[in-house]
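Analysis of the macromolecular model
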Amino acid sequence: MTWYHELGIKYPLFQGGMAWASNAELVAAVSNNGALGIIGSGGRTANELRRMIRKTKTLTSQPFGVNLMLLDKNIKQLLEVICEEKISVVTTGAGSPKEIIDTIIANNIPELLVNFIGK
């Protein structure tokens, strides 16, 4: 079985978690068509992220993920929401995921180590 089949998706494609562009409708559309939709959490509060996750769940029964911008000041609260909502996949960017890896593993959330670090 391939890595993407293990995640429950049909194609080895994932949509980038673009802050403010990756809304529930886009994420669900991507996931409903066999790829992995990813919510962008950058700049969002924990409550905003929770609402977006729950709305996405009403639009798709397929796996989807959340991208965490690791330099966000509220990263611990965002991670707590992801764990509580039992998100399928986490991607990370803007920093090292070493501070959150143990929490992700403890909650049985696969992490795609796609870590974008800019200048």
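Keep in mind the model is a prediction, meaning the values are calculated, not measured.

**Here's the deal with the overall build of the protein chain**
A tally of regular secondary structure across the protein chain gives five helices and four strands. Along the protein chain, from the amino end to the carboxyl end, the secondary structure elements read α-α-β-α-β-α-β-α-β. For a compact globule of 119 residues, the expected C-alpha radius of gyration is about 14 Å, and the protein chain comes in at 13 Å, within 12% of that figure. Principal axes of the C-alpha set define a box for the protein chain whose edges measure 35 × 30 × 30 Å. Buried residues in the protein chain amount to 48% of all 119 residues. Counted over contacts in the protein chain with a minimum sequence separation of 6, partners at least 24 positions apart contribute 53%. Accessible surface computed for the protein chain: about 6,700 Å², of which carbon and sulfur atoms make up 56%. Each charge class in the protein chain can be summarised by its mean position, and for the 12 positive and 10 negative side chains these summaries are 4 Å apart.

**A look at the environment of Gly95**
Along the chain, Gly95 turns up in the loop between strand S3 (89-93) and helix H5 (101-106). Judged by relative accessible area, which is 16%, Gly95 ranks as buried. Considered as a pair, Gly95 and Ala35 are 60 residues apart in the sequence and their alpha carbons are 25 Å apart.

Rules used in this analysis
Residues numbered from 1 in each chain as written. Predicted model: local features only at pLDDT ≥ 70, side-chain atom pairs only at ≥ 80, totals over all residues. Heavy atoms only, no water. Helix = DSSP H or I, 4+ residues; strand = E, 2+ residues; numbered from the N terminus. Rg over C-alpha atoms; globule rule 2.2 N^0.38 Å. Buried < 20%, exposed > 50% of the residue type's maximum accessible area, 1.4 Å probe, protein only. Contact = heavy atoms within 4.5 Å. Areas by Shrake-Rupley, 256 points an atom, 1.4 Å probe, with all protein chains shown as cover. Lys, Arg positive; Asp, Glu negative; His and termini not counted. Charge placed at Lys NZ, Arg CZ, Asp CG, Glu CD.

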